[in-house]
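So the chains spell out like this:
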Amino acid sequence: MYSEQLLMLLAVLERAALMLMALFFLTRTSHFQRIFQNQDRHPLELAVISLMFVLFAVFSTYTGIDVEGSLVNVRIIAIVAGGLLFGPAVGIPAGLVSGVHRYLIDIDGPTSIPCLITSVIAGLLSTWLYFRCRRERLWIWGIACGMLCEMLTMSLIVLLADNRQLGWEIVEAIAFPMIIGTISIGLIVQLVQSLDNENDRIAGQQAKLALDIANKTLPYFRENSRSALSSVCNIIREQIQADAVAFTDTDNVLAYVGHAEADYWQHYRGMSSVTRKVVETGEFIISNRIDYADFHSLLIIPLHENNKVIGTLKIYYIHQNRITDSLKEMAIGLSHVISTQIGVSRIDNLRQMAAKAEFSALQNKINPHFLFNSLNAISSLIRLRPDEARQLISNLADFLRYNLKRNEELIDIQEELTQVRDYVAIEKARFGHKLTVNFDIDDVHPKVPALLLQPLVENAILHGIQPLKGPGEVNIAVKQQADGAIHISVTDTGTGIDSQVIDSLYNDQVPSDHIGLMNVHERVKLLYGHGLLIERLEPGTRVSFTIAQDKA
């Protein structure tokens, strides 16, 4: 008897294996893959899946092994698997149709009514589990559901049989193979779910690849040059093992790297009609059987900025059928990242241009301010000390001539100090013995903007020393620190700056008579990332800032 039950168990597993094989081959086709993976299925797609599992269940009845009027089959396995995987649209029809079919083909049979009842219950129970169970535990609950339904079938056979003895004999013969055979439900559920897991794994790999490419190419997009784009093409080509990669704008090929690169540029006559079509329509083009030069696989993907096509990414392979679905999805994702990088790089360039424009505007405000104060100082000496006035005019002329002929945005700080000394000469002539200016300068040569220090010295003299009744000092220091940074300070022994002026400066609000200090603060902030440090001393004020080693 045990050998007979073992043979029947093998027969059940064999029929379940046939169902498993059929599902395996179906899941290898792209059409059924899409149906199995899509959570928002079209009613027609659900109807196809439902019909498939109904046929599995009905076919299992026809292929069952007759045992004293009963059938050893895998109908419950098909019903429960369909309900667990696809819900009520599959589980309930499979249970109802196959149960009614089982009853109709053997209306007076000893197991026809129990099989009808449990088939319907299997469809309902598996549907309930579809909504209630976690996905990763579904295979375990599927086996439990199948075993429960088969045990219910055995119980109903005994309870509803006209011949109780015959019912017991049937149950003794088929219970073991039917109940144990339901472990196949777990295998079927795992097979279909593994399709999602495999695609998730591939999608994860492709996403990681796209991000790796994005990280490696980002610095080159900031350069915005043909050589930089060629470097981007080379990185993409190496990462996806393409034979050639190209970038275009809406009119021309900007960069091409790969197979026959020299010949490509030698014979280049403008952008191809296929690429222009992508630019015009905004839709990607895939061809695995193209005949273009030495290439037979081609993928062209549009690049967008502000919902407008700004160019394309082109990927070439010499051999046919190299553009797979996973490569296509990765390339589309990469194009989105590249489009974002282009937009970010453009915004970054605009921000830098705006900063330069703001910097230039701030510097231009200094010139008339300095000129006004210098001329006032000279005018006060013309009648009293004309020789000194002539010398100061010469100093001022040298200063302005030097400033006007300078084209660089940044100058050596030693050159800037020459300008400061010219200004100090004018102010010392004005204040006489009341003003002493000391220079403590290291032999360092960081690049700084013109007229960066002069406004600080001017502020120290006019707002610090001038209000004093007695003499005062201004100390100008440029010192290199142990870490390589350069510390610049202007310290006076004057009346001291008002704390409200300091607070206003840090809040970007300063009185008009301190515009020079405000402008230097803003320019230092733009150039070095931090503004001026202003300290009240006893007596006087210190204004300082530090140029980090990497910017010195």
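The coordinates are above.
Residues numbered from 1 in each chain as written. Predicted model: local features only at pLDDT ≥ 70, side-chain atom pairs only at ≥ 80, totals over all residues. Heavy atoms only, no water.

Colleague: Just checking my understanding: could you explain the overall build of the protein chain for this structure?
Modeller: Looking only at helices and strands, the protein chain features 18 helices and 14 strands. Split into buried and exposed, the 552 residues of the protein chain put 46% on the buried side. Taking as baseline every contact in the protein chain between residues at least 6 positions apart, the subset at least 24 positions apart corresponds to 67%. Element-wise, carbon and sulfur atoms account for 56% of the exposed surface of the protein chain, whose accessible area totals about 27,800 Å². (Helix = DSSP H or I, 4+ residues; strand = E, 2+ residues; numbered from the N terminus. Buried < 20%, exposed > 50% of the residue type's maximum accessible area, 1.4 Å probe, protein only. Contact = heavy atoms within 4.5 Å. Areas by Shrake-Rupley, 256 points an atom, 1.4 Å probe, with all protein chains shown as cover.)

Colleague: What is the right way to read unusual backbone geometry from this model?
Modeller: With glycine set apart, most residues show a phi of negative sign, and most peptide bonds adopt trans. Here the amide bond leading from Glu538 into Pro539 is cis, since omega sits at 0 degrees, within 30 degrees of zero. Positionally, Pro539 belongs in the loop between β13 (533–536) and β14 (541–547). Backbone geometry at Ala293 places phi at a positive 55 degrees, although glycine is not the residue there. When you line up the elements, Ala293 lands in the loop between β5 (285–287) and β6 (297–305).

Colleague: Is there a simple way to explain empty space enclosed by the protein in this structure?
Modeller: A probe as big as a water molecule, rolled over the atoms, marks out the empty space that is left. All chains considered together, the criterion is met by one cavity of 30 Å³ or more. Reported here for the largest cavity is a volume of approximately 40 Å³. For the largest cavity, the full set of lining residues is Ser70, Leu71, Arg102, Thr111, Cys115, Thr153, Ile157, Ile174 and Met178. The set of elements that each furnish at least two residues to the lining of the largest cavity consists of β2 (70–72), α7 (138–160) and α8 (164–180). (1 Å grid on protein atoms, 1.4 Å probe; cavity = no way out; pocket = protein on both sides within 12 Å on 5 of 7 lines; lining within 4 Å. Points joined across faces, edges and corners; volume = space filled by probe spheres on them.)

Colleague: It is not clear to me how helix α17 (residues 499–506) should be interpreted in this structure. Could you clarify?
Modeller: Along an α-helix, residues three or four positions apart point the same way, because every turn accommodates 3.6 residues. Of the positions making up α17, those classed as buried are Val501, Ile502 and Leu505. The buried residues of α17 all sit within an arc of 100 degrees when viewed along its axis, so they share a single face. By the N-cap criterion, in which a side-chain oxygen at the helix start approaches the backbone nitrogen of a residue two or three places on, α17 is capped by Asp498, the distance to Gln500 being 2.9 Å. (Arc of directions from axis to C-beta. Polar contact = N/O pair within 3.5 Å; in protein donor to acceptor, adjacent residues only side chain to side chain.)

Colleague: Can you walk me through the pairing of strand β11 (residues 472–480) in this structure?
Modeller: Side-chain direction in a regular strand flips from residue to residue, so the side chains alternate between the two faces of the sheet. Here seven bridges tie strand β9 (residues 435–441) to β11, and the two strands are oriented parallel to one another. Among the inter-strand pairings, Val437 is bridged to a residue of β11, identified as Val474. Examined bridge by bridge, β11 and strand β12 (residues 486–492) share seven bridges and lie antiparallel to one another. When the sheet's bridge partners are listed, Val478 is paired in β12 with Ile488. Joining the antiparallel neighbours β11 and β12 is a turn of five residues, in which Gly484 adopts a positive phi near 95 degrees. (Pairing = 2+ DSSP bridges.)

Colleague: Help me out: how do you make sense of the nonpolar core in this one?
Modeller: Among soluble globular proteins, nonpolar side chains are generally buried collectively. Counting 48 residues, the largest nonpolar core has Phe53 and Ile174 as the members making the most contacts within it. Of all the secondary-structure elements, those providing two or more residues to this core are α1 (2–27), α3 (43–62), α4 (75–86), α5 (88–105), α6 (112–132), α7, α8 and α9 (184–223). Ranked by residue count, the leading element in this core is α4, at nine residues. Beyond its immediate sequence surroundings of up to four residues, Ile174 is in contact with Val67, Ser70, Val72, Met154 and Ile157. Among the nonpolar cores identified, the runner-up in size contains 39 residues, and Val424, Leu452, Ile486 and Leu532 belong to it. (Core = buried A, V, L, I, M, F, W, Y, C linked by side-chain atoms within 4.5 Å.)

Colleague: Would you explain the sheet that holds β11 in this entry?
Modeller: Two strands in a sheet stick together by hydrogen bonds in their backbones, pointing the same way (parallel) or opposite ways (antiparallel). If you trace the five strands from one edge of the open sheet to the other, you get β9-β11-β12-β14-β13, paired in mixed fashion. Lying at the two open borders of the sheet, with one neighbouring strand each, are β9 and β13. For this sheet, the mean angle separating the axes of adjacent strands, direction not counted, is 10 degrees. Here seven bridges tie β12 to β14, and the two strands are oriented antiparallel to one another. Counterpart to Ser489 in the pairing with β14 is Ser544. Packing against the sheet, helix α15 (residues 413–431) makes contact with β9, β11 and β12, and its axis sits at approximately 165 degrees to β9. (Axes fitted to C-alpha atoms, helices over the stretch in contact; angles between N-to-C directions.)

Colleague: What am I meant to see in a nonpolar patch on the surface here?
Modeller: A cluster of nonpolar residues, Ile113, Ile117, Ile121, Leu152, Leu159 and Leu160, forms a patch on the protein surface that exposes about 480 Å² of accessible area. On the basis of relative accessible area, Ile113 is assigned to the partly exposed category, the value being 42%. (Patch = residues over 30% accessible without salt bridge, like charges linked within 9 Å, V, L, I, M, F, W, Y side chains within 5 Å. Salt bridge = Lys/Arg side-chain N within 4 Å of Asp/Glu carboxyl O.)

Colleague: What exactly am I supposed to notice about the sheet that holds strand β4 (residues 253–258) here?
Modeller: Across the sheet, which stays open at both edges, the five strands sit in the order β4-β3-β7-β6-β5 with antiparallel pairing between neighbours. Taken across any chain shown, the strands that pair with only one partner, and hence form the sheet edges, are β4 and β5. Geometrically, the sheet is characterised by an average inter-axis angle of 15 degrees between neighbouring strands, direction not taken into account. Pairing between β5 and β6: three bridges, direction antiparallel. The partner of Ile285 across the bridge, within β6, is Ile300. Along the sheet, helix α10 (residues 226–240) contacts β3 (244–248), β4 and β7 (308–317); its crossing angle with β4, the most-contacted strand, is approximately 40 degrees.

Colleague: Explain the packing of α4 against α7 to me, please; I cannot follow it from the model alone.
Modeller: The geometry of a pair of packed helices is captured by two quantities: the angle between their axes and the separation between those axes. In contact at an axis separation of 10 Å, α4 and α7 are set at 140 degrees when each is read in the N-to-C sense. Along this stretch, α4 crosses α7, giving a crossing that reads as right-handed. On the side of α4, the interface is formed by Ile76, Val80 and Leu84, while α7 contributes Leu138, Gly142, Cys145, Gly146, Cys149 and Glu150. Of the residues that constitute the contact of α4 with α7, the class distribution is six nonpolar, two polar and one charged. (Left-handed = near helix turned anticlockwise from the far one by under 90°. Nonpolar A, V, L, I, M, F, W, Y, C, P; charged D, E, K, R; others polar.)

Colleague: I tried to follow helix α16 (residues 454–465) on my own but got confused; where do I start?
Modeller: Spanning 12 residues, α16 covers 15 Å between terminal C-alpha atoms, matching the ideal 16 Å at 1.5 Å per step. Within α16, 11 of the 12 residues are buried, leaving the element largely enclosed by the surrounding structure. Those residues of α16 that sit buried are Gln454, Pro455, Leu456, Val457, Glu458, Asn459, Ala460, Ile461, Leu462, Gly464 and Ile465. (Expected span 1.5 Å × (residues − 1).)

Colleague: Mind showing me how you'd approach a negative patch on the surface here?
Modeller: A contiguous patch of negative charge, built from Asp66, Glu68, Glu169 and Glu172, is present on the exposed surface. By secondary structure assignment, the location of Glu169 is in helix α8. Using a relative accessible area of 33% as the deciding quantity, one classes Glu169 as partly exposed. (Lys, Arg positive; Asp, Glu negative; His and termini not counted. Charge placed at Lys NZ, Arg CZ, Asp CG, Glu CD.)

Colleague: In this structure, what is going on with the pattern of salt bridges? I would like to understand it.
Modeller: A complete count under the given rule lists eight salt bridges for this structure. Residues Asp106 and Arg102 are paired through a salt bridge, measuring 3.9 Å at the closest nitrogen-oxygen approach. Between Lys479 and Asp442 there is a salt bridge, with the nearest N and O atoms lying 2.9 Å from each other. Of the two residues, Lys479 sits in strand β11 while Asp442 sits in the loop between β9 and β10 (447–449), which places them 37 residues apart along the sequence. On the basis of relative accessibility, which here comes to 30%, the residue Lys479 falls in the partly exposed class. Counted as one network, the salt bridges with shared partners bring together Asp440, Asp442 and Lys479.

Colleague: When you look at the side chain of Ser112 in this model, what are you seeing that I'm missing?
Modeller: Its location among the elements puts Ser112 in helix α6. Polar contacts involving the side chain of Ser112 include one to the main-chain carbonyl oxygen of Ile107, which spans 3.1 Å. A distance of 3.1 Å separates the side chain of Ser112 from the backbone oxygen of Gly109, its partner in a polar contact. Leave out the neighbours within four places in its chain, and Ser112 touches Arg102, Tyr103, Asp106 and Ile107.

Keep in mind these values describe shape, not function.
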